[in-house]
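# Analysis of the macromolecular model
One letter stands for each residue in the lines below.
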Amino acid sequence: MAAKLSVFLAGLNRWKVIRVAFVFASLGLGFMGHSVGIGAQEEPAQVIPRTILFEGVEREYFLWLPREFDPGQTYWLLVAAHGMGSNARTTWLPNDLRREADALDLPAIIVGPQFDHSDPVEEALPIWGGMQLLQAILGELRREYTVHPRILVTGYSLGGQFAHRLALWYPDLVRACAALASGGWTTPDGRVFIWQFGEVESPETYFLPENVESAPSLPGYFQPRIAQTIGRGAEEGSKVIPFLVMEGTLEPPRLEMAKQFVQSMRANGYDVETGWPRTPHVRGESDEESMAEWGRF
């Protein structure tokens, strides 16, 4: 990240978007919010809890406004998707993004949707609820704040699945995407990778209830709606979105899947930045060398 890249919209520098995600993916690769970045000693950014009625149910989401919020300024909505089992309010990613965005003078409002733990598919495959929930939240925020029409999206682990599929499937919504430490990927041409067992051949027949015993750690994935959509190809227009993909090198199965995803993206004409720090998926398992890697960033 030695030099700034081209300006892509309304004075926003693409380097800033990539740098925000890169710094905090490197500092804060912690699973499900169990760890935070090097800035953990600092006072957490102020969070604003919100609720919205979605499909007859009251749902939570959270906002982190800029330190010096100006109601007359136009802001980016930077959506940070939490990991599996995590809480959008307490996970490390939005707090760290808030501090870095302020340090870089990136005019962004951080948005943390709380996805449904009882239905992980809502987040993993945004076509099944996650996209609709996000659109409801964005509609509310657009009425209250002056914001750019498209969003910046990032996410860690399960949130990384949400981020990259949202960008590929709904490109009219997304301006830039950083998918961090995702456990599953869908390529632009519909190939599917899951870190537990690599590339999934024929996902439309594999992810059916009769095959659930082959992956007992992923019971929620074996249902017809997943089989029908997890291999959905990218929509036209998604190639203009800059992507960042990161994974720790101490997670070989995840790392290999992430690299294959990147290879497919580039083969299909996408612009992808990468980062492979020597870190595990769970920061608490770091050894002395990998902790030094955290510090280096």
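Predicted model, so just to flag it, every value in this text is computed and none were measured.

## Re the sheet that holds strand E7 (residues 151-156)
Taken together, eight strands build an open sheet; the order of strands is E3-E4-E6-E5-E7-E8-E12-E13 and the sheet is mixed. Two strands bound the open sheet, and with one partner strand each, they are strand E3 (48-54) and strand E13 (272-275). This sheet shows a mean twist of 20° between the axes of neighbouring strands, independent of strand direction. Direction of pairing for strand E4 (residues 57-64) relative to strand E6 (residues 108-113): antiparallel, over a ladder of four bridges. Of the residues in E6, the one forming a bridge with Phe62 is Gly112. Sitting on the sheet, helix H4 (residues 130-144) touches E3, E4, strand E5 (76-81), E6 and E7, and the angle it makes with E3 is about 120°.

## What to know about the confidence of the model for the protein chain
Taken as a whole, the protein chain shows an average pLDDT of 82; of its residues, 80% reach a score of 70 or greater. Mean pLDDT across the elements of the protein chain bottoms out in strand E1 (residues 7-9) (29) and peaks in H4 (97). Within the model, the stretch residues 1-15 combines pLDDT values under 50 with 30 contacts to residues more than four positions away or in other chains. Note on residues 21-41: pLDDT under 50 across the span, and 70 contacts to partners over four residues away in sequence or across chains.

## Thoughts on the environment of Gln46
Turning to its location among the elements, Gln46 is positioned in the loop between helix H1 (14-28) and E3. Take Gln46: its relative accessible area is 67%, and that puts it in the exposed class. As a C-alpha pair, Gln46 and Asn95 span 49 residues in sequence and 8.4 Å in three-dimensional space. In contact with Gln46, other than residues within four places in its own chain, are Leu63 and Trp64.

## Observations concerning the sheet that holds strand E11 (residues 198-200)
Two pairing modes exist for strands in a sheet, parallel and antiparallel, and in both the strands are linked by backbone hydrogen bonds. Across the sheet, which stays open at both edges, the three strands sit in the order E9-E10-E11 with antiparallel pairing between neighbours. Among the strands making up the open sheet, the edge pair consists of strand E9 (184-186) and E11. Taking each pair of neighbouring strands and ignoring which way they run, the sheet shows an average axis angle of 25°. Bridge analysis of E9 against strand E10 (residues 192-194) gives three bridges, and the strand direction is antiparallel.

## A short note on the pairing of E3
The pairing of E3 with E4 spans seven bridges and is classified as antiparallel. What sits directly across from Phe54, in E4, is Val57. Connecting the antiparallel pair E3 and E4 is a turn made up of two residues, with Glu55 showing a positive phi of about 50°.

## Comments concerning unusual backbone geometry
For Ser157, which is not glycine, the phi torsion reads 60° and is therefore positive. Along the chain, the position of Ser157 falls in the loop between E7 and helix H5 (158-169). One non-glycine residue with positive phi stands out, namely Ala181, at about 55°. Within the fold, Ala181 resides in the loop between strand E8 (174-180) and E9. Judged by its relative accessible area of 0%, Ala181 falls in the buried class.

Calculation criteria
- Residues numbered from 1 in each chain as written.
- Predicted model: local features only at pLDDT ≥ 70, side-chain atom pairs only at ≥ 80, totals over all residues.
- Heavy atoms only, no water.
- Pairing = 2+ DSSP bridges.
- Helix = DSSP H or I, 4+ residues; strand = E, 2+ residues; numbered from the N terminus.
- Axes fitted to C-alpha atoms, helices over the stretch in contact; angles between N-to-C directions.
- Contact = heavy atoms within 4.5 Å.
- pLDDT = per-residue confidence, 0-100.
- Buried < 20%, exposed > 50% of the residue type's maximum accessible area, 1.4 Å probe, protein only.

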